[in-house]
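# Overview (structure and organization)
Chain residues, written in single-letter form:
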Amino acid sequence: MHEHTAGPATLAVLGAGPKGLAIAAKRAALARTGRDVPDLLLIDRQGVAANWSGGAGYTDGRQLLSTEPEKDVGFPYARTWGADSERISREMSRWSWQSYLIHHEGFADWVDRGRPRPTHRQWSQYLRWVAARIPVEPILADVDGIDLADGRWHLGACTPAGDRVGFDCDGMVLTGPGRPLRLPGQPDDHPRILDGRTFWTSEDMLARAGPVEVCVIGNGETAGSITTALLALLPEGSTIELVSDHGVLYTRGESFTENRFYSDPAVGWQRLAERHRREFLKRTDRGVFSVQVEDVLNRAEAVRTVAGRVIRLEPVEAKVIVEVDYEQERERVAFDWVVVAVGFDPLWFWHLLGEHARAALADAAGDGPAARQPSRTSLERAIGHDLAVTSLDPRLHLPVLAGVTQGPGFPNLSCLGLLADRVLSAYTGPMTDVAAPVTDTAAAPWR
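What this report covers is the structure whose coordinates are included nearby. (Residues numbered from 1 in each chain as written. Predicted model: local features only at pLDDT ≥ 70, side-chain atom pairs only at ≥ 80, totals over all residues. Heavy atoms only, no water.)

### A few points about the sheet that holds strand 1 (residues 10-14)
Note the threshold: At least two DSSP bridges between two strands are needed for those strands to be called paired. Labels follow the DSSP assignment, with helices taken as runs of H or I lasting at least four residues and strands as runs of E lasting at least two, numbered in each case from the N terminus.
The five strands are arranged 3-2-1-7-16 in an open sheet whose pairing can be described as parallel. Of all the strands in the sheet, just strand 3 (139-140) and strand 16 (395-397) have a single pairing partner and so form its edges. Bridging between strand 7 (residues 171-174) and strand 16 involves three bridges; their strand directions are parallel. Pairing of Gly-171 across the sheet is with Arg-395, part of strand 16.

Take a look at the structure:
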C-alpha cells in the first residue's frame with residue numbers, strides 16, 4: 001500500500017486504453033514544459049490497449065476505427081493552457097498519429113492511399129508506441145474493490161501472479177467499456193448466446209457452422225460491426241436478422257456542425273437545452289451506425305432488419321427462442337445463435353464500490369446516501385468541468401458519463417487531448433522556472 005506523504009497528488013487511472021494513454025501523454029507534456037504534475041498510477045489487468053488488439057474481446061482487431069486516426073491522444077490540441085499552450089501542443093505532437101507513421105516510414109503511403117482509417121489492431125499498435133515513447137508502463141493488476149478511507153480512494157487489486165496489492169490516491173479516473181448489458185432470460189456463458197465482448201472470441205466457432213440463422217439484437221455501432229463481421233464469417237445460405245427498436249438503420253451524422261461539438265464543446269454545447277443535447281447524442285452517437293458499416297449492410301441480401309423490442313431470451317436444446325414485442329403483437333422465433341449487442345453498462349464500477357464510496361457517490365449525485373444505486377441520469381447531471389462528480393471529494397472522474405453536461409466527445413475517442421486537459425487541470429500547479437523531468441511514477445513499491 002502507498003504511504004500518503006506531503007507532495008504531489010496521486011492520480012489513479014483505471015484502464016490503459018486511449019483515454020488512459022491520453023492522460024499519461026498530456027501529463028508528460030506538461031512536465032516537460034515546467035508544470036507541476038500529479039503522480040500517476042495507470043492500472044490495467046492486461047496492459048496497454050488490450051481491448052483494441054483483438055485478443056481480449058470487444059473486437060477481432062480487424063474492424064476499422066470509427067473515428068479519424070488524426071483524432072489521436074493530443075487532439076484537438078486546444079489552447080487550454082494559456083501562454084503555454086503552444087509549447088504543450090508541440091510536445092504532444094511528438095506522439096501524434098502522423099508522428100507514429102513517420103517513425104515507421106509509413107506517412108507518405110498513408111497519404112497516397114487517401115488517409116484510410118486503421119484497423120483496431122493498428123490503433124492498438126499506435127497506442128503502444130505512445131506508451132513506449134512517453135514512457136509509461138501500466139501496473140498489471142485487476143482492481144476488484146474501491147472505497148474511501150481517510151479522505152482518499154483506496155483500491156484493492158490482484159496481480160496476475162495472484163498477489164493482493166493496494167493503492168491509495170487523491171483522484172481517480174475510470175475508463176473502459178464496462179460489462180455488456182444483458183436481456184431478461186439471458187443465462188451466464190451460454191454457448192449460443194454471445195454479446196459485444198464474447199462474440200469476437202467465438203468467430204472460429206461460427207465460421208465452422210453450416211448455414212445458420214443468427215439474430216443480432218441492437219441498433220448501435222457494436223451491433224453493426226458484429227453484423228458486418230458475420231457477413232464475412234457465415235457460409236452461404238445463412239441469414240442474419242437484425243432486431244432493433246428503430247427498425248431502420250440510422251447513420252452517424254458527419255456534418256461539420258455535428259463534428260464540431262465532438263471536437264470543441266465550447267462552441268455552444270452547454271447553451272443547448274438538456275433535451276436537445278440528449279437528442280443530439282441519440283442521433284449522432286448512440287443507436288446509429290458509422291457510414292462504413294451502413295455501406296456494407298445496404299448491400300447485404302442476407303441481412304433483414306426488424307423493428308421490435310426483445311423482451312426475453314429462452315435457450316431450448318440447440319436453439320435460442322427470442323421473444324419480440326412488435327407493439328401490436330408478440331412473436332417467439334427460434335435461432336441457431338443470438339448476439340446481444342445492446343451496449344455496455346456505464347455504471348459497471350458500482351459493484352466494485354464499498355459502503356462508504358457508494359454512500360458518498362449517491363449523495364453527491366443528489367439521490368441521497370441511502371440510495372441503492374444512483375441513476376445514470378443523476379450522475380450525468382453531476383459531472384463538472386473536470387469530468388468529475390461535483391461535490392464529491394476526493395475527485396472521481398467519469399468521462400463515460402460526461403457527454404450530456406460537458407460534450408459528446410468525452411465518452412468516446414473524439415477529443416482525447418481535451419479530455420486529458422480537463423482531468424489534469426484539477427491537479428497541475430503553476431509554471432516553474434526549470435522544466436520538470438518526466439519520470440515513470442506508475443511503478444509501484446511492490447514491483
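Let us keep going from here.
### Focus on the sheet that holds strand 14 (residues 330-335)
Strand pairing in a sheet is mediated by backbone hydrogen bonds. Such pairs are either parallel or antiparallel. To keep things clear, this is the line we draw: Where helices are involved, their axes are fitted lines through C-alpha atoms of the stretch in contact, as for all axes, and angles between N-to-C directions lie from 0 to 180°.
Ordered by their spatial adjacency, three strands build an open sheet running 12-13-14, and the pairing between neighbours is antiparallel. Two strands close off the open sheet at either side, each with one partner strand: strand 12 (309-316) and strand 14. On average, each strand axis in the sheet is inclined to that of its neighbour by 20°, with strand direction left out of account. With seven bridges joining them, strand 12 and strand 13 (residues 319-325) adopt antiparallel strand pairing. Considered in strand 13, the bridge of Leu-313 is made with Val-322.

### Brief notes about the environment of Pro-18
Counted only if it meets this: Buried means the residue's accessible area, taken with a 1.4 Å probe over protein chains only, is under 20% of the maximum for its type, while exposed means over 50%, and partly exposed covers the values in between. We call two residues contacting when some pair of their heavy atoms lies within 4.5 Å.
Tracing the backbone shows Pro-18 in helix 1 (residues 18-32). Overall, Pro-18 belongs to the buried group, its relative accessible area being 7%. When the C-alpha atoms of Pro-18 and Val-48 are compared, they prove to be 8.8 Å apart, with 30 residues separating the residues in sequence. When neighbours within four sequence positions are excluded, Pro-18 is seen to be in contact with Trp-52, Trp-123, Leu-127, Leu-413 and Leu-416.

### Section: helix 12 (residues 355-364)
Heads up, the rule is: As used here, the arc belongs to the directions running from the helix axis to the C-beta atoms.
Along helix 12, the residues that are buried comprise Ala-357, Leu-361, Ala-362 and Ala-364. For helix 12, the buried positions fall inside an angular range of 160° around the axis, keeping them on one side. Opposite the packed face of helix 12, turned more than 90 degrees from it, sit the exposed residues Glu-355 and His-356. Summarising the contacts, the buried residues of helix 12 are in contact with strand 4 (142-149), strand 5 (152-158), helix 13 (376-381) and strand 16. Of the residues trailing helix 12, Gly-366 is marked for its positive phi of about 90°.

So, to be careful, I would describe these as geometric facts and stop short of saying anything about function.
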